[in-house]
Amino acid sequence: MIRLGINVDHVATVRQARATTAPDPVTAAALAELGGADGITVHLREDRRHIQDRDVHLLRQTVQSRLNLEMAATYEMVAIACDVGPDCVTLVPEKRQELTTEGGLDVVSARDWLLPRIDTLRAAGIVVSLFVDPDPAQIDAAVQVNADCVEIHTGAYCDAPSAGAQMAQLHKIEQAIATAQRAGLTVHAGHGLDYFNIRPVVALQGIVEFNIGHSIIARAIMVGMQQAVAEMKALLVR
Ligand code: PXP
């Protein structure tokens, strides 16, 4: 079975819109696990725009499956990860102005400064995954910096403007999986996947885990809307 990790950042985005306590991504994570999630992913951003430190600490205590902490490879974040002890850390590039993680990590250019940070995380018993574009050079570099896994960025496949372009991106993903497997890396994949575009990616052999956020949180809002309105309506009785 392929593992499904659920990214609950967007639950925190709604909470932060009012700077209040609801909806709580910790509760959402528990419900996701009841629905069959094999892991919970949160991205603790340097600007704390959605997930807060408190969420990560509570999730470490409550997640029954696997906790995957997405983060930039800064010393501040490495220290937090070593303190919290997630099962896995996924290192991602981070830009202040972006709406979401835009591209994969440039491991080729960052080799020298990534290596000691990855070593620190692994010495703390944390599995280290690098979020990379489906580019063999990046995957080779991931091996050189002692990563355990790569998470292949599926965004270009998901955003491809035509069926032909999408097929070309799918082929790149397939080749990236083969390169990673040959090098002994575990392969994860994610970004932009939804209920429609995931099928061809699932059909590729070798991906052991998908990390999905936006499409599932968006669907959860829709399938829960009817009940949420009905519950409030039931209270409007004098
Ligand atoms: N994997 C990584 C490394 C990400 O940064 C994100 C977005 O936070 C995801 C997976 C999930 O992407 P989406 O929300 O588009 O499903």
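Residues numbered from 1 in each chain as written. Predicted model: local features only at pLDDT ≥ 70, side-chain atom pairs only at ≥ 80, totals over all residues. Heavy atoms only, no water.

A. Structural view of the nonpolar core. By size, the foremost hydrophobic cluster in this structure holds 63 residues, and its most contacted members are I40, M71, L91, L114, L121 and L130. Residues contacting L130, with those up to four places away along its chain left out, are L91, L105, V107, I118, A142, V145, A147, C149, V150 and E151. (Core = buried A, V, L, I, M, F, W, Y, C linked by side-chain atoms within 4.5 Å. Buried < 20%, exposed > 50% of the residue type's maximum accessible area, 1.4 Å probe, protein only. Contact = heavy atoms within 4.5 Å.)

B. The environment of Y157, seen in detail. Its location among the elements puts Y157 in helix α7 (residues 155-158). Given the relative accessible area of 2%, Y157 is considered buried. For the pair Y157 and H171, spaced 14 residues apart in sequence, the C-alpha separation works out to 9.4 Å. Apart from the residues lying within four places of it in its own chain, the contact partners of Y157 are Q166, Q169, L170, I173, L193, N197, P200 and V201. Among the polar contacts made by the side chain of Y157, one reaches the main-chain carbonyl oxygen of N197 at a distance of 2.7 Å. (Helix = DSSP H or I, 4+ residues; strand = E, 2+ residues; numbered from the N terminus. Polar contact = N/O pair within 3.5 Å; in protein donor to acceptor, adjacent residues only side chain to side chain.)

C. Spatial organisation of unusual backbone geometry. A cis amide bond links A22 to the next residue, P23, at an omega of -5 degrees. Secondary-structure assignment places P23 in the loop between α1 (9-18) and α2 (25-34). Its identity is not glycine, yet R48 carries a phi of approximately 50 degrees, on the positive side. Take R48: it is sitting in the loop between β2 (39-43) and α3 (53-62). Residue classification places R48 among the buried positions, given a relative accessible area of 18%. One non-glycine residue, H191, adopts positive backbone phi at about 110 degrees. The residue H191 is located in the loop between β7 (186-190) and α9 (198-203) in this model.

D. Spotlight on empty space enclosed by the protein. Overall, the coordinates contain one cavity of 30 Å³ or more when judged by the stated rule. In this structure, the largest cavity occupies an estimated 40 Å³ of space. Lining the largest cavity, in full, are R3, G5, D38, G39, I40, T41, R66, N68, E209 and N211. Those elements that place two or more of their residues in the lining of the largest cavity are β1 (3-7), β2 and β8 (209-212). Top contributing element to the lining of the largest cavity by residue count: β2, with three residues. In terms of residue class, the lining of the largest cavity is made up of one nonpolar, five polar and four charged. (1 Å grid on protein atoms, 1.4 Å probe; cavity = no way out; pocket = protein on both sides within 12 Å on 5 of 7 lines; lining within 4 Å. Points joined across faces, edges and corners; volume = space filled by probe spheres on them. Nonpolar A, V, L, I, M, F, W, Y, C, P; charged D, E, K, R; others polar.)

E. Region of interest: α2. Those residues of α2 that sit buried are P25, V26, A28, A29, A32 and E33. Projected onto a plane normal to the axis of α2, the buried residues spread over an arc of 160 degrees and lie on a single side. The exposed residues of α2 that point more than 90 degrees off its buried face are L31 and L34. Against the buried residues of α2 lie β1, α1, β2 and α3. Where α2 begins, one side-chain oxygen reaches toward the backbone nitrogen of V26, 2.9 Å away; that side chain belongs to D24. (Arc of directions from axis to C-beta.)

Scope: geometric values only; no functional claims are made or implied.
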